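# Report on the structure
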Amino acid sequence: MQGAGAPRRRGPYSREIGALGRPGVILLTYALVTLGLTCLFMRFSIMPYLTRRLGLDSVAFGHLQTTFGALQLLGGPVLGRFADSRGARAAFTLTFLASSAFYLLLAAACSPALPGVALLYATPLPVAFMQGMPVAQMTIADLSEPQELPAALGRLGLCFGVGMIFGSLLGGTLSATCGMHCPATVALVANLVGAVLSFTFIPVSTKGASAHDRAVPAGLFMVMFPIVSMDFFQLDAAQAGYLLSFFGLLQMVIQGLVIGRLSRRFSERALLWASVLGFVLVGPAMALMSDVLHFCLLMPGLVFSLCALNVVTDSMLTKAVSAADTGTMLGLCATVQPLTQTLGPTLGGLLYRSFGVPVFGHVQFAINLLVLLVLWRQPVPQKKD
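If you're wondering where the values come from, they're calculated on a predicted model, not measured in any experiment. (Residues numbered from 1 in each chain as written. Predicted model: local features only at pLDDT ≥ 70, side-chain atom pairs only at ≥ 80, totals over all residues. Heavy atoms only, no water.)

When its secondary structure is counted, the chain shows 15 helices and 0 strands. Restricting to contacts in the chain with at least 6 residues of sequence separation, those with at least 24 account for 87%. Within the structure as shown, the chain displays about 17,000 Å² of accessible surface, and the carbon and sulfur contribution to it stands at 70%. (Helix = DSSP H or I, 4+ residues; strand = E, 2+ residues; numbered from the N terminus. Contact = heavy atoms within 4.5 Å. Areas by Shrake-Rupley, 256 points an atom, 1.4 Å probe, with all protein chains shown as cover.)

Set out below in structure tokens:
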């Protein structure tokens, strides 16, 4: 049996990788995940304003987000096993078709002539299979040589930043100029195109490489950020899109230029300490912020902590996962973010309504201080792994 820290060996591909070849499939995977993330952040740009227009408060918005998280929590392992048994092509196609159904319901909810509240509450139905990132991680890991994995998977973080920037800009601009239905309609068409590209060019199977995952942490504040930007910062849809684009740009710079160099110089343990310490320091600053300028000033520290934690969890999961069941493991790992989204929105909505924005800083400080104490009590590993 292969040990947890032992290097993996690439096996032969079980199927041909298609007319595009291995580099072409990898590039297409980056393009597809960027397309999906762009649509995701277009949705983030209109959801809080749509719920407010339909007469729902922040707690109802939290309940809706909780439903999203719960369904993704249940769907992650199922989609992972589906990807292992049916292959990358079927998994990508299913993801884009589910996303198309979601954006169709969302566009219908934006129409004044239709029962918007009922349609809005129906939008979570396809969410269980809207998980393109784990499928993309599986595909990239399967098609990459072991020495290529860190760089290849790191580019998915850049895709996340690009999707955040363009999705936030498009969502805010289109909703401000053409109405809320416009971003949802554009996202619907884009996901249908993604389904066609996936079915046409992604190979049936990409098995034969290593497994890997990337954790995407999310705190109470980030879960409730759409409501905070609308109520506390008093931003309209376009301005909120600009702010999220700034967040995406920071992530691209820090993950692409800073974290990679630090990971070559410092150990995983040191980076883990740095990320948690960053969260501890950002917490009080978040509790004291009073406007969007203050948030922009503390955002680099927040993004650094998020990206550093991603690098550490990447490395840990690489050592812990074998190559046999890539999709299943990635599906299980993908439940971490939905678990946060399941518990966070309802709790965040109640805290926000009762105590306001400063409570998020206090909670972040307290929880990460506790994590820091736990890390301090852990013995230093004797081996390099």
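Let us now look at the side chain of Ser-175. If you trace the backbone, Ser-175 turns up in helix α6 (residues 149-178). On the basis of relative accessibility, which here comes to 12%, the residue Ser-175 falls in the buried class. Polar contacts involving the side chain of Ser-175 include one to the main-chain carbonyl oxygen of Gly-171, which spans 2.8 Å. (Buried < 20%, exposed > 50% of the residue type's maximum accessible area, 1.4 Å probe, protein only. Polar contact = N/O pair within 3.5 Å; in protein donor to acceptor, adjacent residues only side chain to side chain.)

The next subject is the packing of aromatic side chains. As enumerated under the stated definition, the model contains 5 aromatic pairs in all. Measuring from ring centre to ring centre gives 5.5 Å for Phe-41 and Phe-160, while their planes differ by 85°; the resulting arrangement is edge-to-face. Taken together, the residues Phe-41 in helix α1 (residues 21-53) and Phe-160 in helix α6 connect sequence positions 119 residues apart. Summarising the burial analysis for this pair, Phe-41 and Phe-160 share the class buried. Here the aromatic rings of Phe-102 and Tyr-103 are separated by 5.0 Å at their centres, their planes lie at 85°, and the arrangement is edge-to-face. Judged by relative accessible area, Tyr-103 falls into the buried class, the value being 2%. Directly above the ring of Phe-68 sits Arg-43, whose terminal nitrogen or CZ lies 4.6 Å from the centroid. (Phe/Tyr/Trp six-rings, centres within 6.5 Å; stacked < 30°, edge-to-face > 60°. Lys NZ or Arg CZ within 6 Å of the ring centre and 35° of its normal.)

What follows is about the packing of α1 against helix α2 (residues 58-86). Orientation of α1 relative to α2, taken along the N-to-C sense of each, is 135°, at an axis distance of 9 Å. In terms of axis orientation, α1 runs oblique to α2. Seen from above, α1 lies across α2 with right-handed handedness. Along the contact surface, α1 presents Arg-43, Met-47, Pro-48, Thr-51 and Arg-52, while α2 presents Ser-58, Phe-61, Leu-64, Gln-65 and Phe-68. (Axes fitted to C-alpha atoms, helices over the stretch in contact; angles between N-to-C directions. Parallel < 35°, antiparallel > 145°, perpendicular 65-115°, else oblique. Left-handed = near helix turned anticlockwise from the far one by under 90°.)

Taken together, Phe-365, Leu-369, Leu-370, Leu-373 and Val-374 make up a surface patch of nonpolar side chains, about 420 Å² in accessible area. With respect to the helices, strands and loops of the structure, Val-374 is situated in helix α15 (residues 358-377). (Patch = residues over 30% accessible without salt bridge, like charges linked within 9 Å, V, L, I, M, F, W, Y side chains within 5 Å. Salt bridge = Lys/Arg side-chain N within 4 Å of Asp/Glu carboxyl O.)

Here the chain averages 77 in pLDDT, and 75% of its residues register 70 or above. In this model residues 1-15 is a low-confidence stretch, pLDDT under 50, and it forms 35 contacts with partners more than four residues away in sequence or in other chains. For the stretch residues 209-218, pLDDT sits under 50, and the model shows 49 contacts to residues farther than four places along the chain or on other chains. (pLDDT = per-residue confidence, 0-100.)

Let us now look at the environment of Gly-163. Structurally, the position occupied by Gly-163 is in helix α6. When its relative accessible area of 0% is taken as the criterion, Gly-163 is described as buried. Distance in space between the C-alpha atoms of Gly-163 and Leu-37 is 4.8 Å, their sequence separation being 126 residues. Beyond its immediate stretch of four places on either side in the chain, Gly-163 contacts Thr-34, Leu-37, Thr-38, Phe-41 and Ser-168.

With that settled, consider the environment of Ala-136. Relative to the helices and strands, Ala-136 is located in helix α5 (residues 132-143). Along the backbone, Ala-136 and Ile-26 are 110 residues apart, and their C-alpha atoms lie at a distance of 9.0 Å. Residues within four places of Ala-136 in sequence aside, it is in contact with Thr-29, Val-33, Phe-92 and Leu-156.

As a further point, take the side chain of Ser-99. Position of Ser-99 relative to the elements: it lies in helix α3 (residues 88-109). The exposure class assigned to Ser-99 is buried, which follows from its relative accessible area of 7%.

Attention now goes to the nonpolar core. In this structure, Phe-233 and Phe-295 are the most contacted members of the largest nonpolar core, which totals 54 residues. Counting 28 residues, the second-largest nonpolar core is a separate cluster that includes Ile-46, Leu-50, Ala-109 and Leu-188. (Core = buried A, V, L, I, M, F, W, Y, C linked by side-chain atoms within 4.5 Å.)

For helix α11 (residues 268-288), which comprises 21 residues, the first-to-last C-alpha distance of 31 Å matches the rise-based estimate of 30 Å (1.5 Å per residue) to within 8%. Within the span of α11, buried status applies to Leu-271, Leu-272, Ser-275, Val-276, Gly-278, Phe-279, Val-280, Val-282, Gly-283, Met-286 and Ala-287. (Expected span 1.5 Å × (residues − 1).)

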